[in-house]
Amino acid sequence: MLSASALDEPKNKSVSAKLAHVEPNTALEQICDLEAILQIGRIETDFAPDSVVAYAMGETRISREFIVADGAAFRSRGRWYNLKFRCRISERERRVLAFEFEVGDAVPRVDWSAHALATGSFETGEE
């Protein structure tokens, strides 16, 4: 899994420290979001994801072993796309053990505000 090594990088030590002080389910969801960004960027070469919202189109389901987000969305180059993912987690170790995802269609721009999806992109500095 890609998120563990990314979080171990010196440039991301502050992120790891912040995650240690966040409610456990929130921290695990954010680690799964990071895994999604890294996996999509590596496997789906047409995309350059910079943000994931696991609960954008529907609530996530969280258990001791899995976070399932059938209504997630990710942003790439200023556009939002539907996403489904299943993230197997180690609650004790706070890391991803397995990750599956499916990229969907683009989210129509008229729907962005209804789902609290930010405009712009981190690349351009717009929000």
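Residues numbered from 1 in each chain as written. Predicted model: local features only at pLDDT ≥ 70, side-chain atom pairs only at ≥ 80, totals over all residues. Heavy atoms only, no water.

## Quick look at the overall build of the chain
A count of helices and strands for the chain gives three helices and five strands. When the helices and strands of the chain are listed from N to C terminus, the series reads α-α-α-β-β-β-β-β. Since a compact globule built from 127 residues should have a radius of gyration of about 14 Å, the 14 Å found for the chain is in line with a globular shape. Its C-alpha atoms give the chain principal-axis dimensions of about 40 × 30 × 25 Å. Counting across all 127 residues of the chain, residues that qualify as buried make up 37%. (Helix = DSSP H or I, 4+ residues; strand = E, 2+ residues; numbered from the N terminus. Rg over C-alpha atoms; globule rule 2.2 N^0.38 Å. Buried < 20%, exposed > 50% of the residue type's maximum accessible area, 1.4 Å probe, protein only.)

## Notes on helix α3 (residues 24-43)
Taking 1.5 Å per residue, 20 residues should reach 28 Å; α3 reaches 28 Å between its end C-alpha atoms and fits that length. For α3, the complete set of buried residues consists of A27, L28, E29, I31, C32, D33, E35, A36, Q39 and I40. Sitting at the amino-terminal end of α3 is E23, which places a side-chain oxygen 3.2 Å from the backbone nitrogen of N25. (Expected span 1.5 Å × (residues − 1). Polar contact = N/O pair within 3.5 Å; in protein donor to acceptor, adjacent residues only side chain to side chain.)

## Focus on the nonpolar core
One finds C32, A36, I67, F74, L83, F85 and C87 to be the most contacted residues of the largest nonpolar core, which totals 22 residues. Looking at this core, the elements that each hand over two or more residues are α3, β3 (66-76), β4 (79-90) and β5 (95-106). Here A36 is in contact with V52, L83, F85 and F99, once residues within four sequence places are set aside. (Core = buried A, V, L, I, M, F, W, Y, C linked by side-chain atoms within 4.5 Å. Contact = heavy atoms within 4.5 Å.)

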